[in-house]
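Fold and geometry: a report
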Amino acid sequence: YVGHYQHQLYSPMTSANIIVQAINAFRDAYLYTGDIKYGRAGAILIDRIADVYPSYDLRPYPAYQNSHGGTNTGKILGSIWETDISRDFSLAYDAFYPAFDDPQVIDYLSKKATQYKLDNPKTSGNMIRENCEDGILREVIEAVKTARVRGNFGMHQYSMAAAAVALDTLPETSDAIDWLGKATSPSKVTVTQFGKEYTAYSSNSGGEFLVKFLTDVDRDGFGNEVGVGYNQSWLTNSLNAAEILSRYERYQALDLYSNPKY
C-alpha cells in the first residue's frame, strides 16, 4: 500500500504527483521572481525529502512491478522513472541554495530537528545544505552507480550530471563526471526475498557517454531502440547533461560539445 501511495505522489506519469509538482513550481517561481516566500517553501520541502530519501529502496519488493524494466531496482519509484525525480531533487537543491540561509527557514527546520531528534540540528544554512547534499546529491550519485537510478540511455546520465555539478565538491564532482565517460558492465545478483528468487542489477560502472555515441548512434543522430520517442530521449537527455557539463568551469574533462561525433 505504501509503495503505491508513494507512486501516486511522485510518479511523473500521474497527475497526482503533488510533491514533485510543488518542488518544481517553487523552484521556477523562486528563480524567476527572487521572492523569498517561494524559496522558503521549497527549501523546507527539499530538506525534508533529504531526511528520508536515503531510506527508500524497492529491491526488497520484487512483486511490486514499478517502472524498472525487470531489473527489480529503484528507490521511491522503479529505477527508470526514478531518474526523473532524482534529477528534479538535485536541480531544486541547486535553485534553493541561497534560501537555506534565510532566518525563517533555519528557525523552522532547527525546531523540527529538535522535535524529531534528528542527527543534524539544522541550526545554520550550511548544516541544512549538508543535510541535502548527503541525503539527496550523494545519494543520487551512489544510486546511479548501484543501478537503483538507471533508465534508458541518457536518463541516468542526466541525473548524474545534475547531482554532481550541484554538489560542486572536488574530487567527488570530478569523479562523478569521469564516471559519465566510462564504459559499463552492469553486474547482476540473485536475491531471495519472501521465499522468491529474483535477479537484480547491483552496479553500473560507467555512463558510456563516449563509447555509446561512437558505436550506437547513427549518422542521423538516432540510437538503436525501437521507438522514435525512446531514440529522441537519447539526445534530449544527453543534451541537458551536455549543457550542465559545459557550464561547469571547475572541471572540463568531459565536454560533449568538443566531441566530434556528438
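What you see is a predicted model, and the numbers here were worked out from it, not measured in a lab.

**Considering the environment of A147**
Mapped onto the elements, A147 comes out in the loop between α6 (125-145) and α7 (155-167). Spatially, the C-alpha atoms of A147 and G229 are 23 Å apart, while their sequence positions differ by 82 residues. For A147, the contacting residues outside a window of four places in its chain are T73, S79, Y201, S203 and N204.

**Notes on helix α5 (residues 103-115)**
Its 13 residues give α5 an end-to-end C-alpha distance of 18 Å, which sits within 8% of 18 Å, the value for a rise of 1.5 Å per residue. The set of residues buried in α5 consists of V105, I106, L109, S110 and A113. For α5, the angular spread of buried residues about the axis comes to 115°, placing them on one side. Across α5 from its buried face, at more than 90 degrees, point the exposed residues P103, K111 and T114.

**Section: the packing of aromatic side chains**
Counting across every chain of the model gives 12 aromatic pairs. With 6.0 Å between their ring centres and 80° between their planes, Y93 and Y97 make a pair best called edge-to-face. For Y97, a relative accessible area of 37% translates into the label partly exposed. Note on F209 and F213: the rings are 6.1 Å apart at their centroids and 25° apart in plane angle, and the pair reads as stacked. Here F213 and F209 lie together in helix α9 (residues 209-215), a separation of 4 residues that amounts to about one turn.

**Describing unusual backbone geometry**
Cis peptide bonds are those with omega within 30 degrees of zero, and the linkage from L170 to P171 qualifies with 10°. Relative to the assigned elements, P171 resides in the loop between α7 and α8 (172-181). We note that K117 has phi near 55°; this positive angle belongs to a residue other than glycine. Its location among the elements puts K117 in the loop between α5 and α6. The class of K117 is exposed, set by a relative accessible area of 70%. Positive phi is not limited to glycine here, since D168 has a value of about 50°. As for its position among the elements, D168 is in the loop between α7 and α8.

**A short note on the pattern of salt bridges**
Enumeration according to the criterion identifies 15 salt bridges in this entry. For R250, the salt bridge identified is with D168, shortest N-O distance 2.9 Å. Within this pair, whereas R250 is found in the segment after α10 (228-247), its partner D168 is found in the loop between α7 and α8, the two being separated by 82 residues in sequence. Between D216 and K212 there is a salt bridge whose closest N-O contact spans 3.3 Å. On the accessibility criterion, K212 (16% relative accessible area) is buried. Through salt bridges with shared partners, a single ionic network connects D47, R48, D51 and K122.

**Digging into helix α2 (residues 18-33)**
Since one α-helical turn is 3.6 residues long, residues separated by three or four positions face the same way. Look at α2: 22 Å from first C-alpha to last across 16 residues, which is about the 22 Å you get at 1.5 Å a residue. When α2 is considered as a whole, its buried residues turn out to be I19, V20, I23, N24, R27, A29 and Y30. Buried residues in α2 make contact with α1 (2-10), α3 (36-52) and α4 (79-96). Among the residues trailing α2, G34 stands out with phi positive, at a value near 75°.

**Let's talk about the packing of α6 against α7**
One can describe the packing of α6 onto α7 by two numbers: an axis separation of 9 Å at closest approach and a directional angle of 145°. Note on packing geometry: the crossing formed by α6 with α7 is left-handed. Together, E133, L137, R138, V140, I141, V144 and K145 of α6 and H156, S159, M160, A163, A164, A166 and L167 of α7 make up the contact between the two elements. Considered class by class, the residues forming the contact of α6 with α7 number 9 nonpolar, 2 polar and 3 charged.

**Some remarks on a nonpolar patch on the surface**
Residues Y1, V2 and Y5 make up a contiguous nonpolar surface patch of about 430 Å² in total accessible area. In this fold, V2 is placed in helix α1. The class of V2 is exposed, set by a relative accessible area of 58%.

Scoring rules and cut-offs
Residues numbered from 1 in each chain as written. Predicted model: local features only at pLDDT ≥ 70, side-chain atom pairs only at ≥ 80, totals over all residues. Heavy atoms only, no water. Helix = DSSP H or I, 4+ residues; strand = E, 2+ residues; numbered from the N terminus. Contact = heavy atoms within 4.5 Å. Expected span 1.5 Å × (residues − 1). Buried < 20%, exposed > 50% of the residue type's maximum accessible area, 1.4 Å probe, protein only. Arc of directions from axis to C-beta. Phe/Tyr/Trp six-rings, centres within 6.5 Å; stacked < 30°, edge-to-face > 60°. Salt bridge = Lys/Arg side-chain N within 4 Å of Asp/Glu carboxyl O. Axes fitted to C-alpha atoms, helices over the stretch in contact; angles between N-to-C directions. Left-handed = near helix turned anticlockwise from the far one by under 90°. Nonpolar A, V, L, I, M, F, W, Y, C, P; charged D, E, K, R; others polar. Patch = residues over 30% accessible without salt bridge, like charges linked within 9 Å, V, L, I, M, F, W, Y side chains within 5 Å. Areas by Shrake-Rupley, 256 points an atom, 1.4 Å probe, with all protein chains shown as cover.

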